[in-house]
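A closer look at the structure
Chain residues, written in single-letter form:
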Amino acid sequence: MRIGIVTPAPPNSRSGNRVTALRWAKILRRLGTRVSILQAYRGERYDLLVALHARRSYPAIVNFRRQNDNAPIIVALTGTDLYRDLRRNQVAQKSLEIANRIVVLQPKALEELRPSLRDKTRVIYQSVEAIQEAIRSSKAKTRARKLERRERLSGNFDVCVIGHLRTVKDPFRTAMAARSLPPSSKIRVLQVGAAMTDAMAVRARDEMRVNQRYEWLGEQPRSRVRRILAKSRLCVLSSRMEGGANVLSEAVANSIPILASRIDGNIGILGADYPGYFAVGDTKQLAQLLTRAETCAEYLVELAARVNKLAPLFSPPREEQAWADLIGELSCGSFTDCSRINRL
């Protein structure tokens, strides 16, 4: 079986969409398929098309359907699809009508879809390798030990914020909250991610000058990002909009306590009663939660325990099985010849 994955994110990009496309390609290849990752569809022959982003991948979806009447299309919805475009953009809505199946990254996303679309929608949680398993080389272990020793000597309570600096991520909320912490606090905010505009870079540098608790590390290799996450006492997700953040999956899978903005993309993964939410853009409330996490061991343990219970959702075998089931549905349905399932 030949599968094309269309994503608007260019090669070498470290955006969430590109990370997702690469991970899905790896999973689908393990299932025995041949996979190509594309930015645009130009008439190639595939047995199945997976399109990330309903609005931005619409040209590829339409062109593929015109040239492949019987081949199925899976549309995977991003946060901007779910919580912005689908509410007002006809192109995004048409993509879902064309799709044979729709993939979302957390169950609360189903509430954003019309009832007529829910039957063909599947929830696939984004899997993550545990950091402890991923860091195997002796050099990586040595660097991890150095980070641990440095943290013990400094006495810092490191809080990480991971994601490219974009307005939708509300990237400086944690830094602003850290400004109001008492002098006795040992909290240090480590921000990881590239600035998407010059203005964002200027603001990050200005924040470092006025805020001794804040350090912007810029874009980092994935291996270092994972080590920073592993050594952090807490991870903060302050986004205004998410479909199901990769970093949230990473933190859950590796038992890192989380503070998160109360948005559907976070609630769909962490649960409505998770005790670590703050209102979107509420600096004061986030500062209170940071102080509580630093000073109340029982609260930090509670956050970790809730996160640990969710970890099985993000296991690689679970995601691989979900994709195998989905391809099996399409291969043995009316869209393609049922014999194709034997080639998986």
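Keep in mind it's a predicted model, so treat the numbers as computed, not measured. (Residues numbered from 1 in each chain as written. Predicted model: local features only at pLDDT ≥ 70, side-chain atom pairs only at ≥ 80, totals over all residues. Heavy atoms only, no water.)

**Overview of the packing of aromatic side chains**
Rules: Centre distance within 6.5 Å is the pairing criterion for rings of Phe, Tyr and Trp, where only the six-membered ring of Trp is used; planes under 30 degrees apart are then read as stacked, over 60 as edge-to-face, and the remainder as tilted. Helix and strand definitions here come from DSSP, where helices need a minimum of 4 consecutive H or I residues and strands a minimum of 2 consecutive E residues; each element is numbered from the N-terminal end. Note on exposure labels: buried denotes an accessible area under 20% of the residue type's maximum, exposed denotes more than 50%, and partly exposed covers the range between, all computed with a 1.4 Å probe on protein chains only.
Counted according to the given criterion, the structure contains four aromatic pairs. Ring centres 5.3 Å apart and planes at 80° place the aromatic pair Tyr41 and Phe64 in the edge-to-face group. Here Tyr41 is found in the loop between strand E2 (34-38) and strand E3 (48-52), whereas its partner Phe64 is found in helix H2 (residues 58-67), with 23 residues between them in sequence. Each of the two residues, Tyr41 as well as Phe64, counts as buried. Ring geometry for Tyr274 against Tyr277: centres 5.6 Å apart, planes inclined by 70°, an arrangement best described as edge-to-face.

**Side note on the packing of H2 against helix H4 (residues 90-98)**
To keep it simple, the criterion reads: The convention used is that axes are lines fitted to C-alpha atoms, helices contributing only their stretch in contact, and that angles between N-to-C directions extend from 0 to 180 degrees. The handedness criterion is simple: a crossing whose near helix is rotated anticlockwise from the far helix by less than a right angle is left-handed, and one whose near helix is rotated clockwise is right-handed. Residue contacts are counted whenever heavy atoms from the two residues lie within 4.5 Å of one another. Nonpolar residues are Ala, Val, Leu, Ile, Met, Phe, Trp, Tyr, Cys and Pro. Charged residues are Asp, Glu, Lys and Arg, and all others, Gly as well, are polar.
The interhelical angle for the contact between H2 and H4, taken along N-to-C directions, is 35°, at an axis separation of 10 Å. As for the relative orientation of H2 and H4, their crossing is left-handed in sense. Residues Tyr58, Ile61, Val62 and Arg65 of H2 form the contact with H4, whose participating residues are Val91, Lys94, Ser95 and Ile98. Each residue belonging to the contact of H2 with H4 can be placed in one class, and the counts come to five nonpolar, one polar and two charged.

**Digging into the nonpolar core**
Basically, it comes down to this: Among buried residues, those of type Ala, Val, Leu, Ile, Met, Phe, Trp, Tyr and Cys that are joined through side-chain atoms within 4.5 Å constitute a nonpolar core.
Counting residues in hydrophobic clusters, the biggest one holds 58 residues, and the most contacted among them are Leu234, Ile258, Leu259, Leu270 and Leu290. Ignoring anything within four residues of it in the chain, the contact list for Leu259 reads Leu234, Cys235, Val236, Leu237, Gly276, Phe278, Leu286, Leu289, Leu290, Tyr299 and Leu303. With 26 residues, the next largest nonpolar core counts Ala60, Phe64, Leu82 and Ala92 among its residues.

**Quick word on the pattern of salt bridges**
Filter applied, for reference: We define a salt bridge as a side-chain nitrogen of Lys or Arg found within 4 Å of a carboxyl oxygen belonging to Asp or Glu.
Per the stated rule, a full pass over the model turns up 18 salt bridges. We note a salt bridge from Glu242 to Lys169, for which the minimum N-O separation is 2.5 Å. One end of the pair, Glu242, is in the loop between strand E10 (234-237) and helix H11 (246-253); the other, Lys169, is in the loop between strand E7 (157-162) and helix H8 (173-179), with 73 residues separating them in the sequence. Here Arg226 and Glu250 are joined by a salt bridge, their closest N and O atoms 3.4 Å apart. Here the residue Arg226 occupies a position in helix H10 (residues 222-231), and Glu250 occupies one in helix H11, the gap between them amounting to 24 residues.

**Some words on the sheet that holds strand E5 (residues 101-104)**
How we decide: Strand pairing requires that DSSP identify at least two bridges connecting the strands.
Pairing is parallel in the open sheet, where six strands are placed in the order E2-E1-E3-E4-E5-E6. Bordering the open sheet on either side are E2 and strand E6 (121-123), each of which pairs with just one other strand. Averaged over neighbouring strand pairs, the angle between their axes works out to 20° when direction is ignored. One ladder, built from four bridges, connects E3 with strand E4 (residues 73-76); its direction is parallel. Its bridge partner lying in E4, Val50 is registered against Ile74. Here helix H1 (residues 16-30) sits on the sheet and contacts strand E1 (2-6), E2, E3, E4 and E5; the angle it forms with E2, its principal contact strand, is near 170°.

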